[in-house]
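# Survey of secondary and tertiary structure
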Amino acid sequence: MKVSVLRIGHRLVRDDRVTTHAALVARAFGADRIYMTGVDQSVSDTVAGVTKRWGGKFEVQVIQDWKGLAKAWKKEGGKVAHLTMYGINIDEAAERLRKEERILVIIGAEKVPREAYELADYNIAIGNQPHSEIAALAIFLDRMFKGKQLKKELAGGRLKIVPAARGKQVREIK
Ligand SMILES: C[S@@+](CC[C@H](N)C(=O)[O-])C[C@H]1O[C@@H](n2cnc3c(N)ncnc32)[C@H](O)[C@@H]1O
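As recorded in an unreviewed UniProt entry, the protein goes by tRNA (cytidine(56)-2'-O)-methyltransferase and comes from Nitrososphaera gargensis. Recorded under Sequence similarities (unreviewed entry), the UniProt text for the protein is reproduced unchanged: "Belongs to the aTrm56 family."

Rendered as structure tokens:
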């Protein structure tokens, strides 16, 4: 199963840090790619720098037309899961979703346009209380990959952590 993330509704400058964190969480928790609307180059540069240092093949794509992207995704046989506190509980959809080949998971920054709810094959709640798109994304990916993504080795980086109970151990890959 391959998961891409679509974040809609970035507010310039104000959201830079949160958007960067959404991308870093997507990468670290097993997604292949994040599509973002309205962000400046600095967000993609930060994430590209992390991938270069720590490995993997994560992609950041800045797009204009998120509806076009979601429609094309569905046309090509992928499923769209929109994370919203108004949806059905993740436990009701997780098993079915894990059987899909390609999932596009939509997260919002502020109020999400009605079309996202309509385009989604699944509107999924990580509980029905309001919280954060980053927390919702982390839990969603964890349920999709059942924790395996946290043990995955990412090839191609310059640095690798040697897990240690005390202190920091980092190895440089030559
Ligand atoms: C700050 S919230 C915006 C909530 C806003 N009231 C709305 O109408 O969607 C930003 C994003 O966090 C995610 N989110 C927040 N709480 C969630 C929950 N309980 N379940 C799933 N996603 C949630 C959604 O993707 C939402 O678009």
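The subject of this paragraph is the packing of helix α4 (residues 90-98) against helix α6 (residues 133-145). The relative placement of two packed helices is expressed as an angle between their axes plus a distance between the axes. Running from amino to carboxyl end, α4 crosses α6 at an angle of 50°, the nearest separation of the two axes being 9 Å. With respect to α6, the element α4 is oriented oblique. As α4 runs across α6, the sense of the crossing is right-handed. Residues Ile90, Asp91, Ala94, Leu97 and Arg98 of α4 pack against Phe140, Arg143 and Met144 of α6.

What follows deals with the nonpolar core. Counting 33 residues, the largest nonpolar core has Val5, Leu97, Ile124, Leu137, Phe140 and Met144 as its most contacted members. Of the residues forming this core, the biggest block, 8 residues, is contributed by α6. Excluding its chain neighbours within four sequence positions, the residues that come into contact with leucine 97 are Met1, Ala81, Ile103, Tyr122, Ile124, Phe140 and Met144. Grouped together as the second largest cluster of nonpolar side chains are 15 residues, Tyr35, Ala116, Leu119 and Ala120 included.

Summary statistics for the protein give a mean pLDDT of 94 and a share of 97% for residues scoring 70 or more. In the model output, the complex is listed with pTM 0.95 alongside ipTM 0.92.

Applying the stated criterion to the full structure yields 0 aromatic pairs. For the cation-ring pair, arginine 102 lies above tryptophan 73, with the distance from its terminal atom to the ring centre recorded as 3.9 Å.

Now for the environment of lysine 79. Its place among the elements puts lysine 79 in strand β4 (residues 79-89). Given the relative accessible area of 26%, lysine 79 is considered partly exposed. It is 9.8 Å that separates the C-alpha atoms of lysine 79 and leucine 119, two residues lying 40 residues apart in sequence.

Here we take up the environment of valine 162. Here valine 162 is to be found in the loop between β7 (159-161) and β8 (170-172). For valine 162, a relative accessible area of 27% gives the class partly exposed. Excluding residues within four positions of it along the chain, valine 162 makes contact with Gln169 and Arg171.

Moving on: the pattern of salt bridges. With the rule as written, the count across this model stands at 8 salt bridges. Salt-bridge contacts for glutamate 59 lead to arginine 33; the nearest nitrogen and oxygen are separated by 3.3 Å. You can see glutamate 59 sitting in strand β3 (residues 59-63) and its partner arginine 33 sitting in strand β2 (residues 33-37), a full 26 residues away along the chain. The exposure class of glutamate 59 is partly exposed, given its relative accessible area of 35%. The closest approach of N and O atoms between lysine 67 and glutamate 115, which form a salt bridge, is 3.3 Å. Here lysine 67, found in helix α3 (residues 66-75), pairs with glutamate 115, found in helix α5 (residues 114-119); they are 48 residues apart in sequence, far enough to count as distant. Overall, the relative accessible area of 27% leaves glutamate 115 in the partly exposed class.

Reading the values: the criteria
- Residues numbered from 1 in each chain as written.
- Predicted model: local features only at pLDDT ≥ 70, side-chain atom pairs only at ≥ 80, totals over all residues.
- Heavy atoms only, no water.
- UniProt positions renumbered as here; feature names shortened; annotations may be inferred.
- Axes fitted to C-alpha atoms, helices over the stretch in contact; angles between N-to-C directions.
- Helix = DSSP H or I, 4+ residues; strand = E, 2+ residues; numbered from the N terminus.
- Parallel < 35°, antiparallel > 145°, perpendicular 65-115°, else oblique.
- Left-handed = near helix turned anticlockwise from the far one by under 90°.
- Contact = heavy atoms within 4.5 Å.
- Core = buried A, V, L, I, M, F, W, Y, C linked by side-chain atoms within 4.5 Å.
- Buried < 20%, exposed > 50% of the residue type's maximum accessible area, 1.4 Å probe, protein only.
- pLDDT = per-residue confidence, 0-100.
- Phe/Tyr/Trp six-rings, centres within 6.5 Å; stacked < 30°, edge-to-face > 60°.
- Lys NZ or Arg CZ within 6 Å of the ring centre and 35° of its normal.
- Salt bridge = Lys/Arg side-chain N within 4 Å of Asp/Glu carboxyl O.

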